[in-house]
Amino acid sequence: ELKVEQNPLFLSMQEGKNYTIYCNYSTTSDRLYWYRQDPGKSLESLFVLLSNGAVKQEGRLMASLDTKARLSTLHITAAVHDLSATYFCAGEYNNNDMRFGAGTRLTVKP
Amino acid sequence: GAGVSQSPRYKVAKRGQDVALRCDPISGHVSLFWYQQALGQGPEFLTYFQNEAQLDKSGLPSDRFFAERPEGSVSTLKIQRTQQEDSAVYLCASSSLSYGYTFGSGTRLTVV
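What counts as what
By convention here, each chain's residues receive numbers from 1 onward along its written sequence. Whichever chain is written first becomes A and whichever ligand is written first becomes 1, with later ones labelled in order. Only residues with pLDDT of 70 or above have their local features reported here, since the model is predicted, and side-chain atom pairs are shown and tallied only from 80 upward, although totals for entire chains, interfaces and linings are computed over all residues. Hydrogen atoms and water are omitted, and side-chain values are computed over all heavy atoms in the structure. Runs of E in the DSSP output that reach at least two residues are strands. Runs of H or I that reach at least four are helices, and both are numbered from the N terminus. The contact criterion used throughout is that any non-hydrogen atoms of two residues lie within 4.5 Å. Exposure was quantified through the Shrake-Rupley algorithm and a 1.4 Å probe, taking into account, for residues, occlusion by the shown protein chains and nothing else. By the counting rule applied here, Lys and Arg register as positive and Asp and Glu as negative, while His and the ends of each chain are not counted. Lys charges are placed at NZ, Arg charges at CZ, Asp charges at CG and Glu charges at CD. What makes two strands pair is DSSP finding at least two bridges between them. Working convention: axes come from line fits to C-alpha atoms, limited for helices to the stretch in contact. Angles between N-to-C directions cover 0 to 180 degrees. Defined by distance alone, a disulfide is two cysteine sulfur atoms within 2.5 Å. Burial classes: relative accessible area under 20% of the type maximum marks a residue as buried, over 50% as exposed, and values in between as partly exposed (1.4 Å probe, protein chains only).

S.K.: Even after reading the chapter, I still don't get the overall build of chain B, so can you show me in this structure?
M.R.: A count of helices and strands for chain B gives 0 helices and 11 strands. Traced from its N-terminal end to its C-terminal end, chain B shows the element sequence β-β-β-β-β-β-β-β-β-β-β. Its C-alpha atoms give chain B principal-axis dimensions of about 40 × 25 × 20 Å. Pairs at least 24 residues apart make up 50% of the contacts formed inside chain B by residues separated by at least 6 positions. Taken as a whole, chain B presents about 5500 Å² of accessible surface, with 46% of it coming from carbon and sulfur. If you average the places of the 11 positive and of the 10 negative side-chain charges in chain B, the two averages end up 8 Å apart.

Written out as C-alpha coordinates, the structure reads:
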(Lines give C-alpha, C1' and ligand atoms only; values in the text may rest on other atoms or scores of the structure.)
Protein backbone atom coordinates (compact mmCIF):
# COMPACT_ATOMS: atom_id res chain seq x y z
CA GLU A 1 0.00 0.00 0.00
CA LEU A 2 1.21 3.45 -0.88
CA LYS A 3 1.95 5.67 2.11
CA VAL A 4 2.38 9.41 1.76
CA GLU A 5 4.05 11.65 4.32
CA GLN A 6 4.09 15.42 4.28
CA ASN A 7 6.11 17.86 6.29
CA PRO A 8 5.73 20.19 7.89
CA LEU A 9 2.17 19.63 9.06
CA PHE A 10 1.84 23.23 10.17
CA LEU A 11 3.56 26.19 8.59
CA SER A 12 3.30 29.82 9.60
CA MET A 13 5.11 32.24 7.37
CA GLN A 14 5.27 35.93 6.74
CA GLU A 15 4.17 37.57 3.56
CA GLY A 16 6.98 37.88 1.07
CA LYS A 17 8.91 34.87 2.33
CA ASN A 18 9.71 31.64 0.51
CA TYR A 19 9.18 28.12 1.78
CA THR A 20 8.98 24.51 0.65
CA ILE A 21 6.57 21.73 1.60
CA TYR A 22 7.90 18.19 1.25
CA CYS A 23 6.02 15.05 0.26
CA ASN A 24 7.59 11.60 0.53
CA TYR A 25 5.91 8.45 -0.67
CA SER A 26 6.67 4.84 0.07
CA THR A 27 6.35 2.93 -3.19
CA THR A 28 6.32 3.57 -6.89
CA SER A 29 3.60 6.03 -7.74
CA ASP A 30 2.07 6.50 -11.17
CA ARG A 31 1.28 10.17 -10.62
CA LEU A 32 1.67 12.73 -7.89
CA TYR A 33 -1.01 15.32 -7.18
CA TRP A 34 -1.10 18.52 -5.18
CA TYR A 35 -4.41 19.86 -3.88
CA ARG A 36 -5.48 22.93 -1.98
CA GLN A 37 -8.30 22.90 0.57
CA ASP A 38 -9.82 25.98 2.16
CA PRO A 39 -11.69 25.58 5.47
CA GLY A 40 -15.07 23.93 4.94
CA LYS A 41 -14.42 23.53 1.23
CA SER A 42 -13.58 20.66 -1.05
CA LEU A 43 -10.27 19.88 -2.71
CA GLU A 44 -9.02 22.04 -5.54
CA SER A 45 -6.54 20.46 -7.92
CA LEU A 46 -3.29 22.41 -8.24
CA PHE A 47 -0.81 20.18 -10.06
CA VAL A 48 -0.44 16.73 -11.56
CA LEU A 49 3.12 15.47 -11.93
CA LEU A 50 3.56 12.58 -14.27
CA SER A 51 7.23 11.77 -14.60
CA ASN A 52 10.63 12.10 -13.01
CA GLY A 53 11.95 15.63 -13.14
CA ALA A 54 8.54 17.13 -13.83
CA VAL A 55 8.21 20.73 -12.75
CA LYS A 56 5.03 22.77 -12.92
CA GLN A 57 4.42 26.36 -11.91
CA GLU A 58 1.30 28.38 -11.35
CA GLY A 59 1.67 31.86 -9.93
CA ARG A 60 3.63 31.72 -6.68
CA LEU A 61 3.50 27.92 -6.46
CA MET A 62 5.90 25.51 -8.10
CA ALA A 63 5.76 21.72 -7.79
CA SER A 64 8.44 19.22 -8.68
CA LEU A 65 8.82 15.45 -8.69
CA ASP A 66 11.84 13.21 -8.12
CA THR A 67 10.69 9.64 -8.59
CA LYS A 68 14.05 8.18 -7.67
CA ALA A 69 13.97 9.83 -4.28
CA ARG A 70 10.19 9.32 -4.07
CA LEU A 71 9.90 12.99 -3.22
CA SER A 72 7.76 15.84 -4.41
CA THR A 73 8.06 19.44 -3.29
CA LEU A 74 5.72 22.41 -3.37
CA HIS A 75 7.67 25.65 -3.30
CA ILE A 76 6.01 28.90 -2.31
CA THR A 77 7.59 32.10 -3.56
CA ALA A 78 6.92 35.47 -1.94
CA ALA A 79 3.91 34.25 -0.01
CA VAL A 80 0.72 36.29 0.16
CA HIS A 81 -2.21 35.99 2.56
CA ASP A 82 -4.43 34.44 -0.12
CA LEU A 83 -2.24 31.34 -0.10
CA SER A 84 -3.36 30.47 3.43
CA ALA A 85 -4.99 27.03 3.17
CA THR A 86 -4.24 23.36 3.71
CA TYR A 87 -2.16 21.72 1.00
CA PHE A 88 -2.30 18.00 0.34
CA CYS A 89 -0.13 15.82 -1.79
CA ALA A 90 -1.48 12.52 -3.04
CA GLY A 91 0.14 9.63 -4.84
CA GLU A 92 -1.69 7.48 -7.32
CA TYR A 93 -0.80 3.88 -8.01
CA ASN A 94 -2.39 1.03 -9.90
CA ASN A 95 -3.91 3.79 -12.06
CA ASN A 96 -6.92 4.13 -9.81
CA ASP A 97 -5.91 4.26 -6.19
CA MET A 98 -5.00 7.66 -4.73
CA ARG A 99 -3.63 8.04 -1.22
CA PHE A 100 -3.24 11.36 0.55
CA GLY A 101 -0.76 12.83 2.96
CA ALA A 102 -1.98 14.36 6.21
CA GLY A 103 -1.79 17.86 4.78
CA THR A 104 0.19 21.01 5.52
CA ARG A 105 -1.78 23.79 7.13
CA LEU A 106 -0.27 27.02 5.83
CA THR A 107 -0.89 30.38 7.45
CA VAL A 108 0.56 33.48 5.83
CA LYS A 109 0.77 36.45 8.13
CA PRO A 110 1.17 40.10 7.14
CA GLY B 1 -23.42 18.45 -14.79
CA ALA B 2 -20.54 20.85 -14.53
CA GLY B 3 -19.08 19.29 -11.43
CA VAL B 4 -19.44 16.52 -8.89
CA SER B 5 -22.56 17.04 -6.81
CA GLN B 6 -23.01 15.59 -3.34
CA SER B 7 -26.06 15.58 -1.13
CA PRO B 8 -26.96 16.29 1.52
CA ARG B 9 -24.38 18.94 2.28
CA TYR B 10 -24.81 18.37 6.02
CA LYS B 11 -26.33 15.46 7.90
CA VAL B 12 -26.90 15.04 11.60
CA ALA B 13 -27.72 11.50 12.62
CA LYS B 14 -28.56 10.00 15.96
CA ARG B 15 -26.30 7.18 17.00
CA GLY B 16 -27.65 3.94 15.59
CA GLN B 17 -29.48 5.60 12.71
CA ASP B 18 -28.82 4.58 9.09
CA VAL B 19 -27.73 7.25 6.60
CA ALA B 20 -27.37 7.43 2.83
CA LEU B 21 -25.05 9.86 1.10
CA ARG B 22 -25.39 10.58 -2.59
CA CYS B 23 -22.81 11.42 -5.22
CA ASP B 24 -23.64 12.57 -8.73
CA PRO B 25 -20.40 12.47 -10.76
CA ILE B 26 -19.46 14.41 -13.84
CA SER B 27 -21.35 13.01 -16.80
CA GLY B 28 -19.29 10.43 -18.64
CA HIS B 29 -16.74 9.92 -15.90
CA VAL B 30 -16.03 6.23 -15.61
CA SER B 31 -14.30 6.19 -12.24
CA LEU B 32 -15.86 7.18 -8.94
CA PHE B 33 -14.19 7.29 -5.53
CA TRP B 34 -15.34 7.78 -1.96
CA TYR B 35 -13.06 9.24 0.71
CA GLN B 36 -13.57 9.90 4.40
CA GLN B 37 -11.94 13.00 5.87
CA ALA B 38 -11.86 13.35 9.63
CA LEU B 39 -11.35 16.78 11.13
CA GLY B 40 -7.80 17.97 10.61
CA GLN B 41 -6.81 14.89 8.62
CA GLY B 42 -6.19 14.03 5.01
CA PRO B 43 -8.82 12.16 3.01
CA GLU B 44 -8.77 8.40 3.55
CA PHE B 45 -9.70 6.09 0.68
CA LEU B 46 -12.92 4.13 1.16
CA THR B 47 -13.90 2.57 -2.15
CA TYR B 48 -13.60 2.83 -5.92
CA PHE B 49 -15.94 2.09 -8.83
CA GLN B 50 -15.27 1.73 -12.49
CA ASN B 51 -18.66 2.12 -14.11
CA GLU B 52 -20.96 -0.05 -12.01
CA ALA B 53 -18.25 -2.40 -10.81
CA GLN B 54 -16.86 -1.88 -7.35
CA LEU B 55 -13.22 -2.73 -7.94
CA ASP B 56 -11.81 -1.88 -4.54
CA LYS B 57 -13.59 -1.62 -1.22
CA SER B 58 -10.59 -2.23 0.97
CA GLY B 59 -10.92 1.13 2.71
CA LEU B 60 -14.41 0.63 4.05
CA PRO B 61 -13.87 0.63 7.83
CA SER B 62 -16.50 -1.95 8.73
CA ASP B 63 -19.36 -3.99 7.36
CA ARG B 64 -21.65 -1.15 8.39
CA PHE B 65 -20.40 0.74 5.34
CA PHE B 66 -21.80 -0.13 1.94
CA ALA B 67 -21.48 1.63 -1.41
CA GLU B 68 -23.22 1.07 -4.71
CA ARG B 69 -23.34 2.50 -8.20
CA PRO B 70 -25.96 0.35 -9.92
CA GLU B 71 -26.12 2.11 -13.28
CA GLY B 72 -22.57 3.35 -13.45
CA SER B 73 -23.50 6.95 -12.72
CA VAL B 74 -24.92 8.08 -9.37
CA SER B 75 -23.40 6.42 -6.32
CA THR B 76 -24.72 6.03 -2.79
CA LEU B 77 -22.65 5.46 0.32
CA LYS B 78 -24.73 3.90 3.06
CA ILE B 79 -23.72 3.71 6.69
CA GLN B 80 -25.77 1.49 8.94
CA ARG B 81 -26.11 1.89 12.70
CA THR B 82 -23.99 5.03 12.74
CA GLN B 83 -21.44 5.51 15.50
CA GLN B 84 -19.78 8.68 16.75
CA GLU B 85 -16.50 7.71 15.10
CA ASP B 86 -18.27 7.87 11.75
CA SER B 87 -18.48 11.65 12.08
CA ALA B 88 -16.45 13.08 9.23
CA VAL B 89 -16.70 14.71 5.84
CA TYR B 90 -17.38 12.19 3.09
CA LEU B 91 -15.90 13.24 -0.23
CA CYS B 92 -16.75 11.84 -3.62
CA ALA B 93 -14.50 12.24 -6.66
CA SER B 94 -14.90 11.23 -10.27
CA SER B 95 -12.40 10.79 -13.04
CA SER B 96 -12.29 10.03 -16.72
CA LEU B 97 -9.96 7.33 -17.99
CA SER B 98 -7.23 9.93 -18.38
CA TYR B 99 -5.72 11.45 -15.28
CA GLY B 100 -7.33 14.02 -13.07
CA TYR B 101 -9.88 13.83 -10.31
CA THR B 102 -12.71 16.25 -9.57
CA PHE B 103 -13.96 16.34 -6.02
CA GLY B 104 -17.43 17.20 -4.81
CA SER B 105 -18.06 19.59 -1.93
CA GLY B 106 -18.56 16.71 0.46
CA THR B 107 -21.17 15.69 3.00
CA ARG B 108 -20.41 16.59 6.59
CA LEU B 109 -21.83 13.84 8.79
CA THR B 110 -22.22 14.45 12.50
CA VAL B 111 -23.35 11.56 14.67
CA VAL B 112 -24.79 12.62 18.02
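Having put the structure on the table, let's press on.
S.K.: Quick question: what am I supposed to make of the sheet that holds strand β3 (residues 19-25) of chain A here?
M.R.: Strand pairing in a sheet relies on backbone hydrogen bonds. The paired strands run either parallel or antiparallel. All names here are of chain A. A sheet is described by the order of its strands in space; here 5 strands give the open sequence β1-β3-β8-β7-β6, paired in antiparallel fashion. Of all strands in the sheet, those with a lone pairing partner are β1 (4-7) and β6 (55-58), marking the two edges. Going across the sheet, the axis of each strand differs from the next one's by a mean of 15°, ignoring polarity. Relative to strand β8 (residues 71-76), strand β7 (residues 61-66) is paired through 6 bridges, and the arrangement is antiparallel. Within β8, the position partnered with L61 by the bridge is I76.

S.K.: Explanation requested: the environment of A:V55 in the structure shown.
M.R.: Residues and elements named next belong to chain A. Along the chain, the position of V55 falls in strand β6. Sequence separation between V55 and C89 is 34 residues, and the spatial gap between their C-alpha atoms is 15 Å. With residues up to four places along the chain from it excluded, the contact list for V55 reads M62, A63 and S64.

S.K.: Is there a simple way to think about the state of the cysteines in this case?
M.R.: Two cysteines form a disulfide when their sulfur atoms are joined by a covalent bond. A full pass over the atoms with the stated rule returns 2 disulfides over all chains. Shown here is the disulfide that connects A:C23 with A:C89, its sulfur atoms set 2.0 Å apart. Taking the torsion about the sulfur-sulfur bond, which here is approximately 85°, the covalent link between A:C23 and A:C89 counts as right-handed. One end of the pair, A:C23, is in strand β3; the other, A:C89, is in strand β9 (residues 85-93), with 66 residues separating them in the sequence. Exposure class is identical for A:C23 and A:C89. Each is buried. Shown here is the disulfide that connects B:C23 with B:C92, its sulfur atoms set 1.9 Å apart.

S.K.: Before we go on, may I ask you to explain the sheet that holds strand β1 (residues 5-7) of chain B in this structure?
M.R.: Residue and element names in this part refer to chain B. Taken in spatial order, the 4 strands of this open sheet run β1-β3-β8-β7, and their pairing is antiparallel. Here the strands that pair on one side only, and so sit at the sheet edges, are β1 and β7 (65-68). Averaged over all adjacent pairs, the angle separating strand axes in this sheet is 15°, with direction ignored. By the bridge criterion, 5 bridges tie strand β3 (residues 19-24) to strand β8 (residues 75-79) in an arrangement that is antiparallel. Looking at β8, one finds that C23 is bridged to S75.

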